[in-house]
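The chain contents come next:
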Amino acid sequence: MTPTELIRAVQNRLKARWVTDVTSAEPTDSWPHRFPTGLAAVPQDDLQARWADVHQPSVHMWRDWAHDHELAVIDKPRRVWVIQDLPTHIEISNIDEAARLVAGEWPDRLTRARQRIDVLRQRFPACDHAAVIRAVDDYTDIDFDLLLTVADWYLQDPTRAASGVTPRQVPLPGVHAKWLQARTAGVLALTGLDTLGLLPRHPARIHFTYLDPDHRAAGHRWHDSATVGDAFKPAYQPTVVLISENKDTAIHFPPISGGVAVEGDGFGGKTAAAFPWLAEAPRLFYWGDVDAHGYEILNGYRADGLPVTSILMDAATYKAYEPYGTNTDKYNVPLKPGSPKPLLHLTDAERTVYETVLDPANTGHRRIEQERIPLQDASAALNLATTGA
């Protein structure tokens, strides 16, 4: 055992018990607690054989460390030729001493939790205080105050929980949809309600463009959408489906017989897989940005059961279009090297480029956006992948 390992043991006990310790009206059995230094477990023969070079320095180290951290030492008599007191345990007397030793966020965390439990006991005496404190642990003070306001609003008229509104329609200043969706658990814990009666998010949907030239020439619609769970059939059963990461490339993709271009636009493979006419297309392709995120999306589609074949995501594409690349993401944040994820569904060729764009030694751009590749080149690549010509 080392001091670092002992601190880790204290931290683990703190993590497991701090909510109960802070919220309980009665003393708990968490503290004081004695943590072993390891000296009590040393066999007698080893204790004497390695006393001068190993165990005696360890004794001095533990005593000095405990003194420096103002911690109590628990001694146990052991025979080392003569009876000597060895520091076999370090005692942590209470939760605050544990937090002081572990340091980091813990002292402030306990202070914040105690302030909030005082508020909860006064304003919401009937709620499950431990559940609320756990739920609001990472709330800012502003978020916690807003939570109290939302809880009061629901408790003033419990029928509001059956009103069937969307998160965006809750009529409280400062409460926006994303805030309420992210903190529903805190509101439920504070109010004791089973539900807030909020309408679920709308079903996932896709938008796509019909690419078949005969279909277009007949004057039919070019663009369409489909919602998961809705009865829907496309204007024709596509024989070629291209899922494009970028919306514009899907909308403006050149015509191809029997083709449909689907706007990826952030939806995952599960959404696309929900449409049999799409998932079962004889030729199913994915075209994304040549960057780490693009390959992670590609891997995700396959993991979700869509057997997509990639186009323009190989080493030849990277070599040809790398001069037109960038080293920032869509938010203009610099792209940094990193450790490749397993991504078990990439081909060897795809993984080569994925590792290249993450390689610290790579001096080329780490991202080639779809839009930098001319659509006529993409159309030629799709025709080659589809027909071999």
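Computed from a predicted structure; not experimentally measured.

Caption draft 1: Layout of the sheet that holds strand β7 (residues 259-263). The mixed open sheet is built from six strands, whose spatial order is β5-β4-β7-β6-β8-β9. For this open sheet the edge positions go to β5 (223-227) and β9 (309-310), each flanked by a neighbour on one side alone. Along the sheet, helix α14 (residues 292-303) contacts β6 (240-244), β8 (283-287) and β9; its crossing angle with β8, the most-contacted strand, is approximately 155°. Taken strand by strand, helix α17 (residues 375-387) contacts β6 and β8, and its axis lies near 145° from that of β8.

Caption draft 2: Layout of the sheet that holds strand β1 (residues 33-36). One open sheet holds the three strands; their spatial order is β1-β3-β2, and the pairing between them is antiparallel. Each edge of the open sheet carries a strand with a single partner, namely β1 and β2 (72-80). Averaged over all adjacent pairs, the angle separating strand axes in this sheet is 40°, with direction ignored. The sheet contact formed by β2 and strand β3 (residues 82-92) spans nine bridges and is antiparallel. What sits directly across from Val80, in β3, is Val82.

Caption draft 3: Region of the structure containing the packing of aromatic side chains. The final tally for this structure, using the stated rule, is 13 aromatic pairs. Here the aromatic rings of Trp62 and Trp65 are separated by 5.6 Å at their centres, their planes lie at 90°, and the arrangement is edge-to-face. With Trp62 and Trp65 both in helix α3 (residues 51-68) and three residues apart, this pair spans about one turn of that helix. Assigned by exposure class, Trp62 and Trp65 land together as buried. For the ring pair Tyr210 and Tyr236, a centre distance of 5.3 Å and an interplane angle of 50° mean the geometry is tilted. Placement of the pair is Tyr210 in strand β4 (residues 205-210) and Tyr236 in the loop between β5 and β6, with a sequence separation of 26 residues. In this structure Tyr210 comes out as buried when scored by relative accessible area, which is 0%. Here Tyr236 falls in the buried class, since its relative accessible area comes to 15%. Taken together, the ring pairs connect Phe208, Tyr210, Phe232, Tyr236, Phe275 and Trp277 into an aromatic cluster.

Caption draft 4: View of the confidence of the model for the protein chain. Residues with a pLDDT of 70 or more make up 98% of the protein chain, whose mean pLDDT is 92. Averaged pLDDT values for the elements of the protein chain fall to 82 in helix α2 (residues 44-49) and rise to 98 in helix α10 (residues 213-217).

Caption draft 5: Summary view of the pattern of salt bridges. In this structure the tally under the stated criterion is 19 salt bridges. Note that Asp137 is salt-bridged to Arg109, the shortest N-O span being 2.5 Å. Here Arg109 lies in helix α5 (residues 106-123) and Asp137 lies in the loop between α6 (129-135) and α7 (141-156), a separation of 28 residues in the sequence. When its relative accessible area of 17% is taken as the criterion, Asp137 is described as buried. Using a relative accessible area of 13% as the deciding quantity, one classes Arg109 as buried. Salt bridges sharing common partners tie together Glu105, Arg109, Arg112 and Asp137.

Caption draft 6: Representation of the nonpolar core. Membership of the largest hydrophobic core comes to 56 residues, with the highest contact counts inside it found for Val10, Trp18, Ile92, Leu120 and Leu190. It is α7 that provides the largest number of residues to this core, a total of eight residues. Those residues in contact with Val10, other than ones at most four positions away along the chain, are Trp31, Phe35, Ile92, Ala98, Leu101 and Val102. Listed in part, the 48 residues of the second largest apolar core include Tyr210, Leu284, Tyr318 and Val357.

Caption draft 7: Quick look at the layout of surface pockets. Roughly 260 Å³ of internal volume is contained in the second largest pocket. Every residue lining the second largest pocket is listed: Thr166, Pro167, Arg168, Ala177, Lys178, Gln181, Leu199, Pro200, Arg201 and His202.

Caption draft 8: The packing of helix α1 (residues 3-23) against helix α4 (residues 95-102), seen in detail. Look at α1 against α4: their axes get within 9 Å of each other, and the N-to-C directions meet at 135°. With respect to α4, the element α1 is oriented oblique. The two elements α1 and α4 meet at a crossing, and its hand is left-handed. Residue-level inspection shows Leu6, Ile7, Val10, Gln11, Leu14, Trp18, Asp21 and Val22 of α1 in contact with α4, the latter providing Ile95, Ala98, Ala99, Leu101 and Val102. Broken down by class, the residue content of the contact of α1 with α4 amounts to eleven nonpolar, one polar and one charged.

Caption draft 9: Region of the structure containing unusual backbone geometry. Across the junction of Trp31 and Pro32, the peptide omega takes the value 0°, indicating a cis bond. Mapped onto the fold, Pro32 is located in the loop between α1 and β1. We note that Glu70 has phi near 55°; this positive angle belongs to a residue other than glycine. For Glu70, the position within the fold is in the loop between α3 and β2. With relative accessibility at 61%, the residue Glu70 sits in the exposed group. Phi at Ala103 is positive, roughly 65°, even though this residue is not glycine.

Conventions used here
Residues numbered from 1 in each chain as written. Predicted model: local features only at pLDDT ≥ 70, side-chain atom pairs only at ≥ 80, totals over all residues. Heavy atoms only, no water. Pairing = 2+ DSSP bridges. Helix = DSSP H or I, 4+ residues; strand = E, 2+ residues; numbered from the N terminus. Contact = heavy atoms within 4.5 Å. Axes fitted to C-alpha atoms, helices over the stretch in contact; angles between N-to-C directions. Phe/Tyr/Trp six-rings, centres within 6.5 Å; stacked < 30°, edge-to-face > 60°. Buried < 20%, exposed > 50% of the residue type's maximum accessible area, 1.4 Å probe, protein only. pLDDT = per-residue confidence, 0-100. Salt bridge = Lys/Arg side-chain N within 4 Å of Asp/Glu carboxyl O. Core = buried A, V, L, I, M, F, W, Y, C linked by side-chain atoms within 4.5 Å. 1 Å grid on protein atoms, 1.4 Å probe; cavity = no way out; pocket = protein on both sides within 12 Å on 5 of 7 lines; lining within 4 Å. Points joined across faces, edges and corners; volume = space filled by probe spheres on them. Parallel < 35°, antiparallel > 145°, perpendicular 65-115°, else oblique. Left-handed = near helix turned anticlockwise from the far one by under 90°. Nonpolar A, V, L, I, M, F, W, Y, C, P; charged D, E, K, R; others polar.

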